[in-house]
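The primary structure of each chain is shown beneath.
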Amino acid sequence: MNAVRVMVVDDHPMWRQGVARDLAEAGHQVVATCGEGRQAIRVAAAARPDVVVLDLQLPDISGVQVIRGLRAARPEVRVLMLSASGEQQGVLDAVKAGATGYLLKSAALAEFLEAVRRTAVGEPVFTPGLAGLVLGEYRRLAAVGQGTPGGVPDSAPRLTDRETEVLRLVAKGMSYKQIAERLGLSHRTVQNHVQNTLGKLQLHNRVELARYAIERGLDE
């Protein structure tokens, strides 16, 4: 497994240090740690993390504001929320702002480390129950006609049959591994199809891709 460049943002010093230590011991490169949101946005520009592990509640600005600032400065960065709160609106606001995944702080260490690895390649990962919440909200938005994500025009580029097939399974909330097993493909091939589709549709992550598919009824 390749080392992931990670920045940890949390206002509790002991928790922040513990998460950084666990990441380093797992072979990842902790490029920065921050205790405040505005500081995190400034530091990320120089530290160039692949993944930002971010708490929702910070002393100066909210985690949602941090996500927006990070994405404006570095659109390619992936954000994994790691929060004590699983409150519905907070989860949805974070995902809509651009978070790739959302994990509760009660998660086991192995679950957290796997989430970091998956986030780094653009796979959305959620504490059990939260994925259904997010997909349910996207279905609700699609039903009331609140447009497409990421400003994708209705005349979006044509996808291949295989890309459409993979997109349909993404909309059902399946992981890369599950999609690979269903279609008899390698994990890497599925990942390549997803990345190609993201590029064609000018989307940033699989969460946006799932919403795009749901809005077009591909999750049926």
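Parameters and conventions
Residues numbered from 1 in each chain as written. Predicted model: local features only at pLDDT ≥ 70, side-chain atom pairs only at ≥ 80, totals over all residues. Heavy atoms only, no water. Helix = DSSP H or I, 4+ residues; strand = E, 2+ residues; numbered from the N terminus. Contact = heavy atoms within 4.5 Å. Areas by Shrake-Rupley, 256 points an atom, 1.4 Å probe, with all protein chains shown as cover. Salt bridge = Lys/Arg side-chain N within 4 Å of Asp/Glu carboxyl O. Buried < 20%, exposed > 50% of the residue type's maximum accessible area, 1.4 Å probe, protein only. Pairing = 2+ DSSP bridges. Right-handed = clockwise from strand over helix to strand, strands pointing away. Core = buried A, V, L, I, M, F, W, Y, C linked by side-chain atoms within 4.5 Å. Axes fitted to C-alpha atoms, helices over the stretch in contact; angles between N-to-C directions. Parallel < 35°, antiparallel > 145°, perpendicular 65-115°, else oblique. Left-handed = near helix turned anticlockwise from the far one by under 90°. Nonpolar A, V, L, I, M, F, W, Y, C, P; charged D, E, K, R; others polar. pLDDT = per-residue confidence, 0-100.

Asks: Outline the overall build of the chain, supporting the account with residue identities and numerical values.
Replies: In terms of helices and strands, the chain carries ten helices and five strands. For the chain, long-range pairs separated by at least 24 residues make up 68% of all intrachain contacts whose partners lie at least 6 apart in sequence. As presented, the chain carries roughly 10100 Å² of accessible surface, and 48% of it is formed by carbon and sulfur atoms.

Asks: Talk me through the pattern of salt bridges; I want residue IDs and the actual numbers.
Replies: Scanning all chains against the criterion turns up seven salt bridges. In this structure, the salt-bridge partner of Asp-10 is Lys-105, at a minimum N-O distance of 2.8 Å. Residue Asp-10 is found in the loop between strand 1 (5-9) and helix 1 (13-25), and its partner Lys-105 is found in the loop between strand 5 (101-104) and helix 5 (109-120); the two are separated by 95 residues along the sequence. On the basis of relative accessibility, which here comes to 2%, the residue Asp-10 falls in the buried class. We note a salt bridge from Glu-165 to Arg-162, for which the minimum N-O separation is 2.9 Å. Separated by three residues within a single helix, Glu-165 and Arg-162 lie in helix 7 (residues 161-171), roughly one turn from each other. What makes Glu-165 partly exposed here is its relative accessible area of 34%.

Asks: Can you break down the pairing of strand 4 (residues 78-83) residue by residue, with the values?
Replies: Two faces belong to every sheet, and in a regular strand the side chains alternate between them. Burial of strand 4 is extensive: six of the six residues sit out of reach of the surface. Bridge count for strand 3 (residues 51-54) against strand 4 is four bridges, and the pairing is parallel. Residue pairing for strand 4: Leu-54 is matched across the bridge by Met-81. Note on the crossover from strand 3 through helix 3 (residues 63-73) to strand 4: the handedness is right-handed. Inspection of the sheet shows strand 4 paired to strand 5 by four bridges, in the parallel sense.

Asks: Report on the nonpolar core, specifying residues and quantitative values.
Replies: Generally speaking, nonpolar side chains in soluble globular proteins are found buried as a group. Counting residues in each nonpolar core, the largest one holds 28 residues, and the members touching the most others are Met-7, Leu-54 and Met-81. One finds Tyr-176, Ile-179, Ala-180 and Ala-210 within the second-largest nonpolar core, a separate group that totals 21 residues.

Asks: Give me the environment of Asp-10: which residues, what numbers.
Replies: In this structure the C-alpha to C-alpha distance between Asp-10 and Gly-35, which are 25 residues apart in sequence, comes to 5.0 Å. Those residues within four positions of Asp-10 in sequence are excluded, and the remaining contacts are Trp-15, Arg-16, Cys-34, Gly-35, Asp-55, Leu-58 and Lys-105.

Asks: Lay out the packing of helix 7 against helix 8 (residues 176-183) in plain terms, naming residues and giving numbers.
Replies: When two helices pack together, you describe them by how their axes are tilted relative to each other and by the distance separating the axes. Two elements in contact, helix 7 and helix 8, have axes whose closest approach is 10 Å; the angle formed by their N-to-C orientations is 130°. Comparing the axis directions of helix 7 and helix 8 gives the class oblique. Helix 8 is crossed by helix 7, and the crossing has right-handed handedness. For the pair formed by helix 7 and helix 8, the contact residues are Arg-162, Glu-165, Val-166, Leu-169 and Val-170 on the first element and Ile-179, Arg-182 and Leu-183 on the second. Counted by class, the contact of helix 7 with helix 8 contains five nonpolar, no polar and three charged residues.

Asks: Can you explain the packing of helix 8 against helix 9 (residues 187-201)? Please cite residues and give values.
Replies: Contact pair helix 8 / helix 9: the axes reach a minimum separation of 8 Å and the direction vectors enclose 110°. With respect to each other, helix 8 and helix 9 are oriented roughly perpendicular. Counted together, Tyr-176, Lys-177, Ile-179 and Ala-180 of helix 8 and His-187, Val-190, Gln-191, Val-194 and Gln-195 of helix 9 form the full contact between these two elements. A class-by-class count of the residues in the contact of helix 8 with helix 9 yields five nonpolar, three polar and one charged.

Asks: Got a sec to walk through the confidence of the model for the chain? Specific residues and values, please.
Replies: When pLDDT is averaged along the chain, the result is 82; 83% of the residues meet or exceed 70. No element of the chain has a lower mean pLDDT than helix 6 (residues 130-143), which averages 61, and none a higher one than strand 1, which averages 96. Under a pLDDT of 50 for its full length, residues 147-156 has, in the predicted model, 19 contacts with residues more than four places off or in other chains.

Asks: Account for the sheet that holds strand 1, with residues named and values stated.
Replies: Read across the sheet, five strands follow the order 2-1-3-4-5 without closing on themselves; strand pairing throughout is parallel. Sheet topology places strand 2 (29-34) and strand 5 at the edges, where each strand pairs with a single neighbour. Taken over all neighbouring pairs, the strand axes of this sheet differ in orientation by 20° on average, direction set aside. Where helix 3 meets the sheet, its contacts fall on strand 1, strand 3 and strand 4, and the angle it forms with strand 3 comes to roughly 165°.

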